[in-house]
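# Breakdown of the fold
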Amino acid sequence: MASLHRATRSYAVIAVVACTVLAALSAAVLPTVPSYDPWSWIVWGREVFDPHLSFVVSGGPSWKPLPFVFTTVWGLFGGAAPTLWVITARAGGLLGLVAAWRLAGRLVGGGRPGAFAGVLAVIGIVLTQDWFYYWLRGTSEVVLIGASLWAVDRLLDGHKTQAFLLGVAAGLIRPEWWPFIGLYALWLWFREPEFKSWRMRLLILAGLFSLPLLWFGPPWAGSGQPFLAATHAAEYNGHLGSDPLRAVIGRGIDLQVLPALIAAVLAVAIGWWRDRDRLLLTMGVAVAAWWVVVIGMTLDGYPGLERFFLPAAALTCVLGGVGITRIALLAGEASGSWRAAVVAGVAAILVAVSIPFTTTRVTEARAAGPAATQAVSILGQLSRAVAAVGGHKGVFPCKSSFAAVNHSVQTALAWKLHVTLERVGTSMSAPGVDFIGPHNATDGGPAAVDPRLTRSQTLAQVGVWRVVRLTDPRLPDACDGH
């Protein structure tokens, strides 16, 4: 048993190192630039140690504690912080695939069937909605999948402390994790002898306390609003339409490809019917419970976006790989001496039947690379536009100076101008400098301009960006940028 634990620890360490190296290499060969939300975490992380900036958590997207912990450290590395965060997120995403492969293989029983189930689980996850976009652009969603699946893996391996800490890490990305962490903490506290010591109980309390501390503390310090993340989430209606319940259920179904969902249900049903497999049943119940939490929060006024279902979808893909493999194995058991051929044939048929349901996701995945390349080009041109107008000093000659830009580029421009997010708007409501870029799905539309700003002066034209100084002729313009 000791040798098994050492092997497991070694495997986990090797996986972390390998995924980190691959993520670092990906930054050298793939288009690497954060998307809207990650830029905000990077800006906030810089504010912690930068003596020229105040810590202001406002003017951007919803607060996420775990990314902020990393970006605070990466902020010490100056201009490398954006790339370091993307590498971090990509490593987390790759680790999620490793965990999916391990879990599916374990549930099938290892060997070639286990490897096949693991491959199907990995394919299912990378074909979940926008996975390639999340992975390329450094969002927290792929880290969430990684932390969630590794928490399950560590629990099944008997590493209860690691499972708890990984659950806490996931809870610092999505609050839907909180009830699951709370129940697990109660189980450890009252049922596990190794958690009777004061050190282990202190660890449990510290982990639980870190959730409200990091979710509410920094926003309170940086904006005066401890519940800023919840407020932002509630203010965004999620475009749920007139029937939020139907809309959110549809999003949960659509997140993973349909064959993975069907095969997952069959995996749980077959496991319980044939073997009374409590582990598969528990995983199925966990997926359903996550759905209940997300749906409940949606009906309470939260946006119910597809990505809120991702931990459940990832586990669904694991169970889906198990389901297809188990069906093929069952067919083989009934075929006598033709068992191997029947297993392979049924598996091939099931995969072939599933392919038509994946074509749209494959197309979306293939489009993620060119879109990221375009984003790198556009933001590179934005950097040159910032330099062309004199950088921070040219745009912000006074503390009251203001700038605006296309909606989805706000957080990136704040980083490039070395200011807090509140200094860069997505509407031109006061005299200042307007960065006008292309109107597309990635960058959003240009800033809306107050009709009182009638005086316009083009300061620079760099690539797709036009930098314009807008003023009100009735007002002095000494602080409106150069």
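Residues numbered from 1 in each chain as written. Predicted model: local features only at pLDDT ≥ 70, side-chain atom pairs only at ≥ 80, totals over all residues. Heavy atoms only, no water.

## Looking at the layout of surface pockets
One number sums up the size of the second largest pocket: a volume of about 710 Å³. Along the walls of the second largest pocket sit 25 residues, with Val152, Leu155, Trp177, Phe180 and Ala286 positioned nearest its centre. Of all the secondary structure elements, the ones that give two or more residues to the lining of the second largest pocket are helix H7 (141-156), helix H8 (160-171), helix H9 (178-191), helix H14 (278-299) and helix H15 (310-333). For the lining of the second largest pocket, the leading source of residues is H14, giving eight residues. (1 Å grid on protein atoms, 1.4 Å probe; cavity = no way out; pocket = protein on both sides within 12 Å on 5 of 7 lines; lining within 4 Å. Points joined across faces, edges and corners; volume = space filled by probe spheres on them. Helix = DSSP H or I, 4+ residues; strand = E, 2+ residues; numbered from the N terminus.)

## Things to note about empty space enclosed by the protein
Applying the stated criterion across every chain, the model contains one cavity of 30 Å³ or more. Size it by volume and the largest cavity reaches roughly 40 Å³. Lining the largest cavity are Lys64, Ser140, Glu141, Leu144, Ile173, Arg174, Arg307 and Phe308.

## So, the side chain of arginine 90
Along the chain, arginine 90 turns up in helix H4 (residues 81-108). In this structure arginine 90 is buried but unpaired, with glutamate 141 as the nearest side chain of opposite charge at 13 Å. Side-chain polar atoms of arginine 90 contact the side chain of threonine 32, separated by 3.2 Å. Apart from residues lying up to four places away in sequence, arginine 90 is in contact with Ala23, Ser26, Ala27, Leu30, Pro31, Thr32, Trp135 and Leu136. (Buried < 20%, exposed > 50% of the residue type's maximum accessible area, 1.4 Å probe, protein only. Lys, Arg positive; Asp, Glu negative; His and termini not counted. Salt bridge = Lys/Arg side-chain N within 4 Å of Asp/Glu carboxyl O. Polar contact = N/O pair within 3.5 Å; in protein donor to acceptor, adjacent residues only side chain to side chain. Contact = heavy atoms within 4.5 Å.)

## Things to note about the nonpolar core
Core analysis: the largest hydrophobic core is formed by 120 residues, its most contacted members being Ile125, Leu149, Val318, Leu417 and Phe435. Ranked by residue count, the leading element in this core is H4, at 13 residues. Formed by seven residues, the second largest nonpolar core is a distinct cluster that contains Met428, Ala447, Leu453 and Val468. (Core = buried A, V, L, I, M, F, W, Y, C linked by side-chain atoms within 4.5 Å.)

## Some thoughts on the environment of proline 51
Position of proline 51 among the secondary structure elements: in the loop between helix H2 (36-49) and helix H3 (65-74). What makes proline 51 exposed here is its relative accessible area of 73%. With 177 residues separating them in the primary sequence, proline 51 and leucine 228 have C-alpha atoms 24 Å apart.

## A closer look at unusual backbone geometry
Its identity is not glycine, yet aspartate 130 carries a phi of approximately 65°, on the positive side. With respect to the helices and strands, the residue aspartate 130 is situated in the loop between helix H5 (111-126) and helix H6 (131-137).

## Considerations on the pairing of strand E6 (residues 455-462)
Pairing analysis gives seven bridges linking E6 to strand E7 (residues 465-471), with the strands arranged antiparallel. Across the sheet, residue serine 456 finds its bridge partner in E7, namely leucine 470. Where E6 folds back on E7, the antiparallel hairpin that results is connected by two residues, among which glycine 463 adopts a positive phi of roughly 60°. (Pairing = 2+ DSSP bridges.)

## Describing the pairing of strand E4 (residues 432-436)
Taking burial as the measure, the five residues of E4 include four buried ones, the bulk of the element. Pairing of strand E1 (residues 403-405) with E4 involves three bridges; the strand directions are parallel. Across the sheet, the residue bridging to alanine 403 is valine 433, located in E4. As paired elements, E4 and E7 share five bridges and run antiparallel to each other. When the bridges of E7 are listed, phenylalanine 435 appears paired with valine 467.

## What to know about the state of the cysteines
Under the counting rule described, the total for this entry stands at zero disulfides. With no disulfide of its own, cysteine 19 lies 18 Å from the sulfur of cysteine 317, the closest cysteine sulfur. Classification of cysteine 19 as buried rests on a relative accessible area of 5%. Judged by relative accessible area, cysteine 317 falls into the buried class, the value being 2%. (Disulfide = S-S within 2.5 Å.)

## Focus on the sheet that holds strand E2 (residues 424-425)
Judged by pairing direction, the sheet is mixed, and its five strands sit side by side in the order E2-E1-E4-E7-E6 without closing on themselves. Bordering the open sheet on either side are E2 and E6, each of which pairs with just one other strand.

## Things to note about the environment of glycine 432
Within the secondary structure, glycine 432 is located in strand E4. Sequence separation between glycine 432 and valine 292 is 140 residues, and the spatial gap between their C-alpha atoms is 47 Å.

## Topic: the pattern of salt bridges
Evaluated as defined, the whole model comprises 15 salt bridges. Among the ionic pairs, arginine 246 bridges to aspartate 243, the shortest N-O distance being 3.8 Å. The partner of glutamate 306 in a salt bridge is arginine 251, and the shortest N-O contact between them spans 3.9 Å. Pair noted here: glutamate 306 is in the loop between H14 and H15 and arginine 251 is in helix H12 (residues 244-255), with a separation of 55 residues, a long-range link. Linked by salt bridges that have partners in common, Arg102, Arg106, Asp153, Arg154 and Asp157 make up one network.

## A word on the packing of helix H13 (residues 258-275) against H15
Axes are the key here: two packed helices are described by the angle between their axes and the distance separating the axes. Direction vectors running N to C along H13 and H15 enclose 55°, while the axes themselves pass 7 Å from each other. The orientation of H13 relative to H15 falls into the category oblique. The element H13 and its partner H15 pack so that their crossing is left-handed. Packed against H13, whose contacting residues are Ala260, Leu261, Ala263, Ala264, Leu266, Ala267, Val268, Ile270, Gly271, Arg274 and Asp275, the element H15 presents Thr316, Cys317, Leu319, Gly320, Val322, Gly323, Ile324, Arg326, Ile327, Leu330 and Glu333 at the interface. (Axes fitted to C-alpha atoms, helices over the stretch in contact; angles between N-to-C directions. Parallel < 35°, antiparallel > 145°, perpendicular 65-115°, else oblique. Left-handed = near helix turned anticlockwise from the far one by under 90°.)

## Some words on H9
Its 14 residues place the ends of H9 20 Å apart at the C-alpha level, agreeing with the 20 Å of an ideal helix rising 1.5 Å per residue. Where H9 is buried, its residues contact H7, H8 and helix H10 (198-223). (Expected span 1.5 Å × (residues − 1).)

## Points about the packing of aromatic side chains
Per the stated rule, a full pass over the model turns up 18 aromatic pairs. Taking 6.2 Å as the distance between ring centres and 40° as the angle between the ring planes, the aromatic pair formed by tryptophan 39 and tryptophan 415 counts as tilted. One end of the pair, tryptophan 39, is in helix H2; the other, tryptophan 415, is in helix H19 (residues 410-417), with 376 residues separating them in the sequence. On the accessibility criterion, tryptophan 39 (5% relative accessible area) is buried. Relative to phenylalanine 132, the ring of tryptophan 131 lies with its centre 5.3 Å away and its plane at 90°, an arrangement referred to as edge-to-face. When its relative accessible area of 5% is taken as the criterion, tryptophan 131 is described as buried. By relative accessible area, phenylalanine 132 is classed as partly exposed at 29%. (Phe/Tyr/Trp six-rings, centres within 6.5 Å; stacked < 30°, edge-to-face > 60°.)

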